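# An overview of the molecular structure
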Amino acid sequence: MSLSADRRAALVEAIVFDVDGVLTRGDIIYASEGEWKTFNVQDGLGFDVARQVGLKLAMFSGRASTAVRRRARELHVNALAEGVKDKGAAIGELLEKLGVKAEQVCYVGDDLIDLPAMAVVGFPVAVANAVEEVREAAAWVTKKRGGEGAAREVIEFVLKAKGLWPKVIQRYSRKSDE
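All values reported here derive from a predicted model rather than from experimental measurement.

This part takes up unusual backbone geometry. Phi angles above zero are rare outside glycine, and His76 is one such case at about 55 degrees. Inspection of the secondary structure assignment puts His76 in the loop between helix H4 (66-75) and strand S5 (79-81).

Shown next, in the form of structure tokens:
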């Protein structure tokens, strides 16, 4: 019997996000000084919230980019892997680095290169605009598209499944005079 998406999410201790197509819309703009990418600000706050409650966060990219390295620093991720061609093998290395088991990992992807990683983890997730094969391999599919708040949606889903969302809301609802 397979676990529901809620039960899988409740086990999550680490979330790994593909970059292009998940944390971005997948657009790549070439400029003389390198690539430009746009990231969603609500996703950024989601990373902060996840970190505050103890989740480990990582970013995987098949490309290498100054913009991605900068975003990873801003988000204080636990791990960034760039130029990754075999994301399944990269998950194996990440498990050891983060000290988590495969069933405790959520991987969020959008394209075929993400399938090997999704096959290894306990909670594979696809963004709404993922290719069909990735959506079919996912235990859960976001309503939002990559680069448009999908990462935040995943983080909220995991935190709600773990029963941590009320704690987050309480933290942000405190009055400034307290």
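Let us now look at the pairing of strand S6 (residues 105-109). Judged by how many residues are buried, S6 sits mostly within the fold: 5 of 5 residues are covered. Where burial is concerned, the two faces of S6 agree: the one with Val105, Tyr107 and Gly109 and the one with Cys106 and Val108 are both buried. Note: S6 against strand S7 (residues 123-126), 4 bridges, orientation parallel. Pairing of Gly109 across the sheet is with Ala126, part of S7.

What follows covers the packing of helix H3 (residues 41-52) against helix H9 (residues 165-173). Direction vectors running N to C along H3 and H9 enclose 110 degrees, while the axes themselves pass 11 Å from each other. Taken together, the axis directions place H3 and H9 in an arrangement best described as roughly perpendicular. The chirality of how H3 crosses H9 is right-handed. On H9, the residues that touch Leu45, Asp48, Val49 and Gln52 of H3 are Trp165, Val168, Arg171 and Tyr172. Residue classes in the contact of H3 with H9 are distributed as 5 nonpolar, 1 polar and 2 charged.

Let us look at the sheet that holds S7. Read from one edge of the open sheet, 6 strands run S5-S4-S1-S6-S7-S8, paired in parallel fashion. The outermost strands of the open sheet, each flanked by one partner alone, are S5 and strand S8 (140-141). Summarising the sheet, strand S4 (residues 56-60) and S5 pair through 3 bridges and their orientation is parallel. Within S5, the residue paired with Ala58 across the bridge is Ala79.

With that settled, consider helix H8 (residues 150-161). Its 12 residues give H8 an end-to-end C-alpha distance of 17 Å, which sits within 8% of 16 Å, the value for a rise of 1.5 Å per residue. Taken across its 12 residues, H8 has 10 buried, putting it largely inside the fold. Considered for burial, the residues of H8 that qualify are Ala150, Ala151, Arg152, Glu153, Val154, Ile155, Glu156, Phe157, Val158 and Leu159. Looking one or two places after H8, you find Gly163, whose phi comes out positive at around 75 degrees.

Once that is clear, we can look at the packing of aromatic side chains. The geometry of an aromatic ring pair is captured by two quantities: the separation of the ring centres and the angle between the planes. According to the stated counting rule, one finds 4 aromatic pairs in the structure shown. Their ring planes at 35 degrees and their centres at 5.0 Å tell us that Phe17 and Phe47 sit as a pair that is tilted. With a gap of 30 residues between them, Phe17 in strand S1 (residues 14-18) and Phe47 in helix H3 connect regions that are remote in the sequence. The two residues Phe17 and Phe47 agree in class, both being buried. Ring centres 5.9 Å apart and planes at 20 degrees place the aromatic pair Phe123 and Phe157 in the stacked group. Taken as a pair, Phe123 in strand S7 and Phe157 in helix H8 lie far apart in primary sequence, 34 residues in all. Accessibility expressed as a relative area gives 0% for Phe123, which makes it buried.

Scoring rules and cut-offs
- Counting of residues starts from 1 at the beginning of each chain's written sequence and follows it residue by residue.
- Only residues with pLDDT of 70 or above have their local features reported here, since the model is predicted, and side-chain atom pairs are shown and tallied only from 80 upward, although totals for entire chains, interfaces and linings are computed over all residues.
- The basis for the side-chain values is all heavy atoms of the structure; hydrogens and waters are excluded.
- By the criteria applied, helices consist of DSSP H or I runs no shorter than four residues and strands consist of E runs no shorter than two, each listed in order from the N terminus.
- Type-normalised accessible area, obtained with a 1.4 Å probe on protein chains alone, sets the label of each residue: buried when under 20%, exposed when over 50%, and partly exposed for intermediate values.
- DSSP-based pairing: two strands are paired if at least 2 bridges between them are found.
- Here the axes come from fitting lines to C-alpha atoms, over the contacting stretch only for helices, and the angles between their N-to-C directions go from 0 to 180 degrees.
- Roughly parallel covers angles under 35 degrees, roughly antiparallel covers those over 145, roughly perpendicular covers 65 to 115, and oblique covers all other angles.
- The crossing is said to be left-handed when, going from far helix to near helix, the turn is anticlockwise and less than a right angle, and right-handed when the turn is clockwise.
- A contact between two residues is defined here by any heavy atoms of the two lying within 4.5 Å.
- Asp, Glu, Lys and Arg are counted as charged, while Ala, Val, Leu, Ile, Met, Phe, Trp, Tyr, Cys and Pro are counted as nonpolar; the rest, among them Gly, fall into the polar class.
- What a helix is expected to span follows from its residue count: subtract one and scale by 1.5 Å.
- The rule is short: rings of Phe, Tyr and Trp, with Trp giving its six-membered ring, pair when the centres are within 6.5 Å, and they are stacked under 30 degrees, edge-to-face over 60, tilted in between.

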